[in-house]
Amino acid sequence: MGAIDQSVNQLQSADNEDITLFRDMLLRCLEKEVIPHYDQWEKDGWMPKEAWLMLGAAGMLGPDMPEEFGAAGAPFEVALMILEETCRLNLHSLSTALNVHANIVMPYINNLGTAEQKAQWLPRMVTGEVVGSIGMTEPGAGSDLAGMRTNAVRDGDEWVINGSKTFITNGLHCGLIVLAAKTDTTKGAKGISLFLVDSSLPGFKKGKGIKKMGQHSNDTAELFFDNLRVPANALLGEENKGFIYLMQELPRERLGLGSQAIGACEGAMAITADYVKQRKAFGSTVAQFQNTRFKMAELRAQLELAKSYLKQCEARFKVGAMTTEEASILKLTSTELQVKLTHECLQLFGGYGYTEEYPISRFFTDARVQTIYAGTSEIMKEMIARGELGR
Ligand SMILES: Cc1cc2nc3c(=O)[nH]c(=O)nc-3n(C[C@H](O)[C@H](O)[C@H](O)COP(=O)(O)OP(=O)(O)OC[C@H]3O[C@@H](n4cnc5c(N)ncnc54)[C@H](O)[C@@H]3O)c2cc1C
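Cut-offs and rules
Residues numbered from 1 in each chain as written. Predicted model: local features only at pLDDT ≥ 70, side-chain atom pairs only at ≥ 80, totals over all residues. Heavy atoms only, no water. UniProt positions renumbered as here; feature names shortened; annotations may be inferred. Pairing = 2+ DSSP bridges. Helix = DSSP H or I, 4+ residues; strand = E, 2+ residues; numbered from the N terminus. Domains from an automatic or database assignment. Contact = heavy atoms within 4.5 Å. Buried area = accessible area lost by both parts, 1.4 Å probe. Salt bridge = Lys/Arg side-chain N within 4 Å of Asp/Glu carboxyl O. Polar contact = N/O pair within 3.5 Å; in protein donor to acceptor, adjacent residues only side chain to side chain. Axes fitted to C-alpha atoms, helices over the stretch in contact; angles between N-to-C directions. Parallel < 35°, antiparallel > 145°, perpendicular 65-115°, else oblique. Left-handed = near helix turned anticlockwise from the far one by under 90°.

Looking at an unreviewed UniProt entry, the protein carries the name Acyl-[acyl-carrier-protein] dehydrogenase MbtN, with the source organism given as Limnobacter thiooxidans. Within the UniProt record for the protein, the comment given under Function (unreviewed entry) is "Catalyzes the dehydrogenation at the alpha-beta position of ACP-bound acyl chains. This results in the introduction of a double bond in the lipidic chain, which is further transferred to the epsilon-amino group of lysine residue in the mycobactin core by MbtK." In its Pathway (unreviewed entry) section, the UniProt record describing the protein reads: "Siderophore biosynthesis; mycobactin biosynthesis."

And the structure:
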């Protein structure tokens, strides 16, 4: 073995130790502090603020952020492991809330922010005192972000923001939003900038929570900005470079979505295997029917391929080589598999699968949005096609 291979192996085993350590801590924390309350949160359509503070105290919010901000400085795979495990345990609402807060918003600030911006926001996001959101989508601009109308106009030492956003995850809890707004309305996507907006400022209004078919306990809201004044230093990165930053951050965001999809698939497969082995029909177990065996075998084979691709993407991300196209392939294939797999697994539960009493129904409903948010499957195909065929 060469010296480089040896040092890569050493690095990987140090990372694996970190992941194991964090996984044990996470599972203990979920078992004690989350799972006993989760059904109630889902009924309430709301995860209490105390849960955020508890997760912060347990070191689960941005574990890979630098130590100077109170985080653990762990490898980024720890953050992905948290997303995967929470989905494996059928806690998809929590997972999505964490994905936005810790896997999207915190890296935006850490990668693009000034020293002052990082010091202002990251320590309080690590503790859960401040919950993070990202605001891109508007009633008239979803897949086509260039059509956004929220705008920011410079006025002396301030920016004045007007407009609205919709479907914002953590929108009701949010203390901070990374907000995309037009700073040049003549330039389409090239006129978008990002701002770090404090939700307590006058002119920031939170609408009602949006009722969804699944993932009930992560709050999703409309937000309104009426002559909202933010200081000049709330601009994140450079003016009019927002769209470039959104593209730059896609690989990390989609690694999160891919990890969630894989976790949910594993969780759904495990409970389905248990169920079909004990459920009887026509004098045998459901597991003994060839249809069941073939279905489970096909799903397992597809899942193992998806896991390999996720690992490949993680490795490429780590050395800064993961492309937007790869991120789109990962998001498309892993989330489409999640939707298909949870659908097929639910079928094997018969009528019981359609009841709330059996957890496969939650795996199924929580999965559905995965092919829609963070870029629909159709948009993923468009981005992959651009790599193949050009524009
Ligand atoms: C639960 C939930 C949470 C969300 N969280 C956030 C959040 O935190 N922050 C945020 O900014 N947004 C968030 N979103 C918004 C989400 O990202 C958008 O819903 C998504 O990007 C699609 O936009 P749209 O809903 O406007 O659909 P549209 O853009 O109107 O699309 C409608 C249909 O047309 C298709 N379509 C559009 N363009 C093309 C094309 N060029 N070629 C082929 N087909 C096309 C789409 O694929 C889709 O099938 C969330 C959404 C949901 C449901």
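Caption draft 1: Fine view of the pairing of strand S3 (residues 158-169). Where strand S2 (residues 151-155) lies against S3, five bridges are found, and the strand directions are antiparallel. Bridge pairing links Ala152 to Ile161 in S3. Bridging between S3 and strand S7 (residues 220-231) involves nine bridges; their strand directions are antiparallel. When the bridges of S7 are listed, Ser164 appears paired with Phe224.

Caption draft 2: Spotlight on the domain arrangement of the protein. According to the domain assignment, the protein consists of domain 1 (3-129), domain 2 (133-242) and domain 3 (249-389). The centre of domain 1, based on its C-alpha atoms, is set 22 Å off from the matching centre of domain 3. Contacts between domain 1 and domain 3 engage 25 residues on the former and 24 residues on the latter. At the boundary of domain 1 with domain 3, total buried surface from both sides reaches about 2100 Å², with 51% on carbon and sulfur atoms. If you sort the residues of domain 1 by the area they bury against domain 3, Phe76, Asn90 and His92 come out on top, with a joint share of 31%. At the junction of domain 1 with domain 3, the criterion picks out three salt bridges. Ionic pairing is found between Asp64 and Arg252, a salt bridge with its closest N-O pair at 3.0 Å. Inspection of the domain 1/domain 3 interface yields eleven residue pairs in polar contact (both at pLDDT 80 or more).

Caption draft 3: Highlighting the packing of helix H8 (residues 290-318) against helix H9 (residues 324-348). The N-to-C vectors of H8 and H9 enclose an angle of 155 degrees; their axes lie 10 Å apart at closest approach. Taken together, the axis directions place H8 and H9 in an arrangement best described as roughly antiparallel. Judged by the twist between their axes, the crossing of H8 over H9 is left-handed. Contacts from Asn291, Thr292, Lys295, Met296, Leu299, Gln302, Leu303, Ala306, Tyr309, Leu310, Cys313 and Arg316 of H8 reach H9 at Glu326, Ile329, Leu330, Leu337, Lys340, Leu341, Glu344, Cys345 and Leu348.

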